[in-house]
Amino acid sequence: MLRVASCTSLLLLLKAVVGLPWFQSVGAVLVFYLGSGGWRFLKVFYKTLGRDINGALTLLRVKLQVKRHLREKNTIPDIFRECVSRHPNKTALIFEATGATWTFKELDEYSNAVANFLYAEGYRTGDVIALFMENCNEYVGLWLGMAKIGVEAALINFNLRLEALEHCFSVSNSKAVVFGREMSQAMTDVFSMMGKPLRLYCVGDCDPAILPSGTEFLAPLLQNASRLPPKDPGREFTDKLFYIYTSGTTGLPKAAIVVHSRYFRMAALVFYGFRMQSDDVIYDCLPLYHSAGNIVGMGQCILNGLTVVIKKKFSASRFWDDCVKYNCTIVQYIGEICRYLLNQPVRDTERQHRVRIALGNGLRPAIWTEFVNRFNVPQIAEFYGATECNCSLGNFDNNVGSCGFNSRILPFVYPIRLMKVNEDTMELIRTPEGLCIPCQPGEPGQLVGRIIQSDPLRRFDGYVNETATNKKMANNVFKHGDMAYLSGDVLVMDEYGYMYFKDRTGDTFRWKGENVSTTEVEGILSKLLGQADVVVYGVEVPGTEGKAGMAAIADPDHKSDLEKFARDLKKLLPGYAHPVFLRLLPEVNKTGTYKFQKTEMRKEGFDPQVVKDALYVLDSQQGKYIRLDDEVYKKILSGKLKL
């Protein structure tokens, strides 16, 4: 009876979420049953029914709220105002670096002051102001204040300098820059490169002598501004909110457009999917110029009234101490953060905390269970998504290793698919009729999401650059005449619909007739080397087919035992996946969101005249790594040293 009731509940949900009549829903179930091998379907149905109901409920709640906000023409500031009215004196933000605590009322009033000041200065709806500063409470108040008068913030990576920094100002057509005092030198250096004069506002105290000429200090100007709500700018739910830039691992950063509805969708799916609670306290150690920090994390404060602890910069040594101090119940991670935490010495606080959820993406399956067991975190809330994508995934039921799921019972509820792709070129493989080919369980494919511009849950807003936007779309994917977003990521789905991250575009290479997954090899090598930073990529070798694997290893003191390393590799990896070349360097460059940068290293290859770090090559006859000098390099090029 319980299963019958659950099935009935699921069909009701499907009718609400998808809008299908009962008979179509039942028919779809029967079609899947017949097409999937009968009894195998019953196994999948039994294993995934509860998960799929939770997923459908999450979609339904978000969809209903999206409809309301569309109807009422609400914006993110409007929704925030509802939070303030519910609990004005509740703590909204805590800045760990200074201990500064802001209530929801104080955040509201600060953002009102920002809005009224900027409006008095002549800024209007549709204008863009760049925000270039490190994490702090004011950062949130500044972009929120801009949004209250329809001004769009360009959230700039505070690690950028010179050409890349100037590019971000110009591509967004910013009329002004608000920067933190810690960015003073960077602003002075880039000031002469600006193609047009921009108004400059500095947050914090700084010697005027080291600032670009004409810089104004923002704090005293805001003190004189009204803290009453500004005039409604007439913005709607699908209008632009701000811009978030790609990490820039290849080429210059691209400005992704974030509209109000996208901000809401991303934050709401996380809130309901992972069952957050109003009394949760989030530890946000991620940069606020990034979607994970500013939407997934900070969005819970702005939209749902949670308290957020802002960390100026991630610190592995202080992470658990901070969680204990501020009674955090949710922590955020991204990229390599979890591995850095595992690499820390054991301390008492790592098990004295109240953290119940670790929320993020990029936790390697190789260390997933180790992280859970060591730090006693009950739930890993891994998700998949990009700032601009319309095919986000969530691991709502704590399934080890997966980044999310899609229902196999009724997959059309959420119109995303893995489509067959040429993994070398990332070109979608099509049928003779011109449509893309869905992957079966176990088959790797590129994740795509159907674009429906009229639906805030399915729309794709793209980038400021139209060419970059067009590259992320494809036509005739699910059916003739449709459009879909191309994630550029290869995933694999198992028989239950769980998705597993395989590789980002360009992060696989072919060697000895086999495809090599760089993420898989990186995880194994890092573990062998005591959680050292390791980057794996393919390099071209003249006269050979494919690309040879190369591993760049952070080893500042050259302590790695390469003979033992070579022996251990034989136990853990097939021969074709062993790195042919090693590069030992002081540190591996990372983006501000803890992702490795390998583009330049890939270009430099293994030429000792180009690479100044220590290089080694795997001598297959001796079964060990030997130093790669000019003489050995010539032997490789001539074919005398076989790889």
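About the cut-offs
Think of each chain on its own: its residues are numbered from 1, step by step along the sequence as written. Residue-level local features of this predicted model are given only where pLDDT is at least 70; pairs of side-chain atoms are given and counted only at 80 or more, and the full residue set underlies all totals for whole chains, interfaces and linings. Computation of side-chain values: all heavy atoms of the structure, hydrogens and water removed. Strands here mean DSSP runs of E at least two residues long; helices mean DSSP runs of H or I at least four residues long; both are numbered from the N terminus. C-alpha atoms define the radius of gyration in this analysis, and the globule rule sets the expected value at 2.2 Å times the number of residues to the power 0.38. Relative accessible area decides the class of each residue, using a 1.4 Å probe on protein chains only: under 20% of the type maximum gives buried, over 50% gives exposed, and in between gives partly exposed. Pairs of residues are marked as contacts when any of their non-hydrogen atoms sit within 4.5 Å. For accessible areas, the Shrake-Rupley method is used with a probe of radius 1.4 Å. Any residue's cover is judged against the shown protein chains and nothing else. At least two bridges found by DSSP between two strands are what make those strands a pair. All axes here are fitted lines through C-alpha atoms, helices being fitted over the stretch that makes contact, and every angle between N-to-C directions spans 0 to 180 degrees. Arc definition: it is the arc formed by the directions from the helix axis to the C-beta atoms. Any angle between 65 and 115 degrees counts as roughly perpendicular, while under 35 counts as roughly parallel, over 145 as roughly antiparallel, and the rest as oblique. Basically, the charged four are Asp, Glu, Lys and Arg, the nonpolar ten are Ala, Val, Leu, Ile, Met, Phe, Trp, Tyr, Cys and Pro, and anything else, Gly included, counts as polar. Whether a crossover is right-handed comes down to one check: with the strands pointing away from the viewer, does the path from the first strand over the helix to the second run clockwise; if it does, it is right-handed. The term nonpolar core refers to a set of buried residues drawn from Ala, Val, Leu, Ile, Met, Phe, Trp, Tyr and Cys, joined through side-chain atoms within 4.5 Å. Counting rule for disulfides: a pair of cysteine sulfur atoms within 2.5 Å. Per-residue confidence from the predictor is reported as pLDDT, a score between 0 and 100. Expected span of a helix: the number of residues minus one, times 1.5 Å. Between 30 and 60 degrees the pair is tilted, below 30 it is stacked and above 60 it is edge-to-face, where a pair is any two Phe, Tyr or Trp rings, Trp via its six-membered ring, whose centres lie within 6.5 Å. The term salt bridge refers to a side-chain nitrogen of Lys or Arg lying within 4 Å of a carboxyl oxygen of Asp or Glu.

Let's talk about the overall build of the protein
Broken down by element type, the protein carries 19 helices and 30 strands. Relative to a compact globule of 643 residues, whose C-alpha radius of gyration would be 26 Å, the protein shows 26 Å and is just as compact. Here the C-alpha coordinates of the protein stretch approximately 75 × 75 × 55 Å along the principal axes. The 643 residues of the protein split such that 58% are buried. Sequence separation of 24 or more characterises 69% of the internal contacts of the protein that already satisfy a separation of 6 or more. Total accessible area on the protein stands at roughly 27,100 Å², and carbon and sulfur atoms take up 52% of it.

Brief notes about the sheet that holds strand S2 (residues 100–103)
Spatially, 8 strands are ordered S2-S1-S11-S10-S12-S13-S14-S15 in an open sheet, and the strand pairing comes out mixed. The open sheet terminates on both sides in strands that have one partner only, identified here as S2 and strand S15 (393–394). Pairing geometry for strand S1 (residues 91–95) and strand S11 (residues 307–310), over 3 bridges, is parallel. Bridging across to S11, Leu93 finds its partner in Val308. Where helix H6 (residues 137–148) meets the sheet, its contacts fall on S1, S2 and S11, and the angle it forms with S1 comes to roughly 130 degrees.

Concerning helix H8 (residues 184–191)
Along H8, the positions that sit buried rather than exposed are Ser184, Ala186, Met187 and Val190. Projection of H8 onto a plane perpendicular to its axis shows the buried side chains occupying an angular sector of 165 degrees, all on one side. Structurally, H8 contributes buried residues whose contacts are with strand S3 (128–132), helix H7 (162–171), strand S5 (176–180) and strand S6 (199–203).

Focus on the sheet that holds strand S9 (residues 255–259)
One open sheet holds the 7 strands; their spatial order is S7-S6-S5-S3-S4-S8-S9, and the pairing between them is mixed. Among the strands making up the open sheet, the edge pair consists of strand S7 (216–217) and S9. Looking at chain direction, S6 and S7 are connected through 2 bridges and run parallel. Counted as the bridge partner of Cys202 is Phe217 from S7. Its contacts with the sheet place helix H10 (residues 260–273) against strand S8 (240–245) and S9, and it is angled at close to 80 degrees to S9.

With respect to the packing of helix H4 (residues 76–86) against H6
One can describe the packing of H4 onto H6 by two numbers: an axis separation of 9 Å at closest approach and a directional angle of 115 degrees. Judged by the angle between their axes, H4 and H6 are roughly perpendicular. Counted together, Ile76, Pro77 and Phe80 of H4 and Trp143, Leu144, Ala147 and Lys148 of H6 form the full contact between these two elements. Considered class by class, the residues forming the contact of H4 with H6 number 6 nonpolar, no polar and 1 charged.

Some thoughts on the pairing of S5
Within S5, 5 of the 5 residues are buried, which leaves it mostly tucked inside the rest of the structure. Covered by surrounding structure in S5 are Ala176, Val178 and Gly180 together with Val177 and Phe179, the residues of both alternating faces. Sheet topology places S3 next to S5; 4 bridges connect them, and they run parallel. In the strand pairing of S5, Ala130 is matched with Val177. Across 5 bridges, the pairing between S5 and S6 is parallel. Within S6, the position partnered with Gly180 by the bridge is Val203. Between S5 and its parallel partner S6, the chain crosses via H8, and the hand of that crossover is right-handed.

Quick word on the nonpolar core
Most often, soluble globular proteins have nonpolar side chains that are buried together. The biggest cluster of nonpolar side chains holds 133 residues, and the ones touching the most others in it are Trp143, Tyr263 and Ile302. Among the elements that take part in this core, H10 stands out by supplying 9 residues, more than any other. When neighbours within four sequence positions are excluded, Trp143 is seen to be in contact with Ile76, Leu131, Ala153, Leu155, Leu241, Phe242, Tyr263, Asn294 and Ile302.

A few points about the environment of Arg351
Within the secondary structure, Arg351 sits in the loop between helix H13 (337–342) and strand S13 (357–361). In sequence terms Arg351 and Val324 are 27 residues apart; their C-alpha atoms lie 9.3 Å from each other. Arg351 has contacts with Asn373, Arg374, Phe375 and Asn376, leaving out every residue within four places of it along the chain.

Looking at the side chain of His69
Mapped onto the elements, His69 comes out in helix H3 (residues 39–72). Once residues within four sequence positions are removed from consideration, His69 is found in contact with Asn74, Ile79, Phe237 and Phe264.

Here we look at the state of the cysteines
Scanning the entire structure with this criterion turns up 0 disulfides. No disulfide involves Cys202; its nearest neighbouring cysteine sulfur is the one of Cys206, lying 5.4 Å away. Among the residues examined, Cys202 registers a relative accessible area of 1% and is labelled buried. Residue Cys285 stays outside any disulfide, its sulfur separated by 8.2 Å from that of Cys323, the closest cysteine.

Structural notes on the confidence of the model for the protein
On average, the protein scores 90 in pLDDT, and the residues at 70 or more come to 92%. Between residues 1–5, whose pLDDT stays under 50, and residues either more than four places distant or in other chains, the model counts 2 contacts.

Things to note about the environment of Thr188
Residue position: Thr188 is located in helix H8. The sequence separation of Thr188 and Pro212 amounts to 24 residues, and the corresponding C-alpha distance is 5.2 Å. Excluding anything up to four places from it in sequence, Thr188 contacts Ile210, Leu211 and Pro212.

Side note on H6
Compared with the 16 Å implied by 1.5 Å per residue over 12 residues, the 17 Å span of H6 between its first and last C-alpha is a close match. Among the residues of H6, those classed as buried are Asn137, Tyr139, Val140, Gly141, Leu142, Trp143, Leu144, Gly145, Met146, Ala147 and Lys148. Two residues or fewer past H6, Gly150 is found with a positive phi of approximately 80 degrees.

Overview of the packing of aromatic side chains
Summed over the entire model, instances satisfying the criterion amount to 21 aromatic pairs. Measuring from ring centre to ring centre gives 5.2 Å for Trp143 and Phe242, while their planes differ by 90 degrees; the resulting arrangement is edge-to-face. Residue Trp143 is found in helix H6, and its partner Phe242 is found in strand S8; the two are separated by 99 residues along the sequence. The pair Trp143 / Phe242 is uniform in exposure class, with both members buried.

Considerations on the pattern of salt bridges
Scanning the model with the defined rule gives 31 salt bridges in all. Two residues, Glu121 and Arg199, come together in a salt bridge whose shortest N-O distance is 2.5 Å. Of this pair, Glu121 sits in the loop between helix H5 (104–120) and S3 while Arg199 sits in strand S6; the two residues are 78 residues apart in sequence, bridging distant segments of the chain. A salt bridge links Arg459 to Asp461; the nearest nitrogen and oxygen atoms lie 2.6 Å apart.

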